[in-house]
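# Examining the three-dimensional arrangement
Residues per chain are reported as follows:
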Amino acid sequence: VPMRSYGDKPESFLKMVPSGLLPALLVETSDGRKQTITESQVIMELLDQWHPVEDGYRQMMPSENDAAGKKRYQQLANLERELFSWWCTLIFRPEGPGFSSGGMIGKLMGSKNNDSMSGAMKGFLDCLSKVDDALASTSGPWFFDYADHPT
């Protein structure tokens, strides 16, 4: 299902999730009702509950008793929201000249004179630097040291 900004969502999806939010998970409750969940953290928590490490699945969220991991998760979730916000600002509310004049390409590729770079591009690049710092703070290629897989 594409993000709304990248195309129309199928009618079948919009019947399930009228807001069109992603991600979305349709679950059946213990009393047989169907419920749609659109919060990433809740979806990951449910998947960890339903598919525990003890059964051979990979952990998505920090353990319940891992206060430092939960704090890091919250910081990373906030960083992801900030990055997505800057991405949307850059792509869907661009400042300055468009692609036809070569201005946007110059902004995307960078230039020796960063004064010509838009505020949106500067914000996006600053946020990417924060993401890079978060990745560099771990011993491996993932955001959490306990994982040998994406989390």
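Up top is the structure.
Below you will find a few notes about this structure. (Residues numbered from 1 in each chain as written. Predicted model: local features only at pLDDT ≥ 70, side-chain atom pairs only at ≥ 80, totals over all residues. Heavy atoms only, no water.)

### Structural notes on the side chain of Asp48
Mapping Asp48 onto the fold places it in helix 2 (residues 40-50). Although Asp48 is buried, it makes no salt bridge; Lys70 carries the closest opposite charge, 8.0 Å away. Here Met61 takes part through its backbone nitrogen, which lies 2.8 Å from a polar atom of the side chain of Asp48. Filtering out sequence-adjacent residues up to four positions away, Asp48 remains in contact with Arg58, Gln59, Met60 and Met61. (Helix = DSSP H or I, 4+ residues; strand = E, 2+ residues; numbered from the N terminus. Buried < 20%, exposed > 50% of the residue type's maximum accessible area, 1.4 Å probe, protein only. Lys, Arg positive; Asp, Glu negative; His and termini not counted. Salt bridge = Lys/Arg side-chain N within 4 Å of Asp/Glu carboxyl O. Polar contact = N/O pair within 3.5 Å; in protein donor to acceptor, adjacent residues only side chain to side chain. Contact = heavy atoms within 4.5 Å.)

### Overview of the packing of helix 3 (residues 67-92) against helix 5 (residues 119-136)
Here helix 3 crosses helix 5 at 155 degrees, and the two axes come no closer than 9 Å. Here helix 3 lies roughly antiparallel to helix 5, going by the angle between them. Where helix 3 crosses over helix 5, the handedness of that crossing is left-handed. For the pair helix 3 and helix 5, the contacting residues are Arg72, Leu76, Leu79, Glu82, Leu83, Trp86, Trp87, Thr89 and Leu90 in the first and Gly119, Ala120, Met121, Gly123, Phe124, Cys127, Leu128, Lys130, Val131 and Ala134 in the second. For the contact of helix 3 with helix 5, a count of residues per class yields 13 nonpolar, 3 polar and 3 charged. (Axes fitted to C-alpha atoms, helices over the stretch in contact; angles between N-to-C directions. Parallel < 35°, antiparallel > 145°, perpendicular 65-115°, else oblique. Left-handed = near helix turned anticlockwise from the far one by under 90°. Nonpolar A, V, L, I, M, F, W, Y, C, P; charged D, E, K, R; others polar.)

### Notes on the pairing of strand 2 (residues 34-37)
Sheet topology places strand 1 (residues 25-28) next to strand 2; 4 bridges connect them, and they run antiparallel. Counterpart to Val27 in the pairing with strand 2 is Gln35. (Pairing = 2+ DSSP bridges.)

### Looking at the packing of aromatic side chains
For the structure on display, the rule yields 2 aromatic pairs. Plain terms: the ring middles of Trp87 and Phe124 are 5.7 Å apart, the flat faces sit at 45 degrees to each other, and that makes the pair tilted. Taken as a pair, Trp87 in helix 3 and Phe124 in helix 5 lie far apart in primary sequence, 37 residues in all. Geometrically, the ring pair formed by Phe144 and Tyr146 is tilted, given 5.2 Å between the ring centres and 40 degrees between the ring planes. Residue class for Tyr146 comes out partly exposed when judged on its relative accessible area of 34%. (Phe/Tyr/Trp six-rings, centres within 6.5 Å; stacked < 30°, edge-to-face > 60°.)

### As for the pattern of salt bridges
All chains considered together, the criterion is met by 3 salt bridges. For Glu64, the salt bridge identified is with Lys70, shortest N-O distance 3.9 Å. Residue classification places Glu64 among the exposed positions, given a relative accessible area of 70%. Looking at Lys70, the relative accessible area reads 28%, which means it is partly exposed. Lys130 is paired through a salt bridge with Glu82; the nearest N and O atoms lie 3.0 Å apart. A residue pair is termed long-range when its members are at least 10 positions apart, and Lys130 in helix 5 and Glu82 in helix 3 qualify at 48 residues. What makes Lys130 partly exposed here is its relative accessible area of 41%. Residue Glu82 is classed as partly exposed on the basis of its relative accessible area of 27%.

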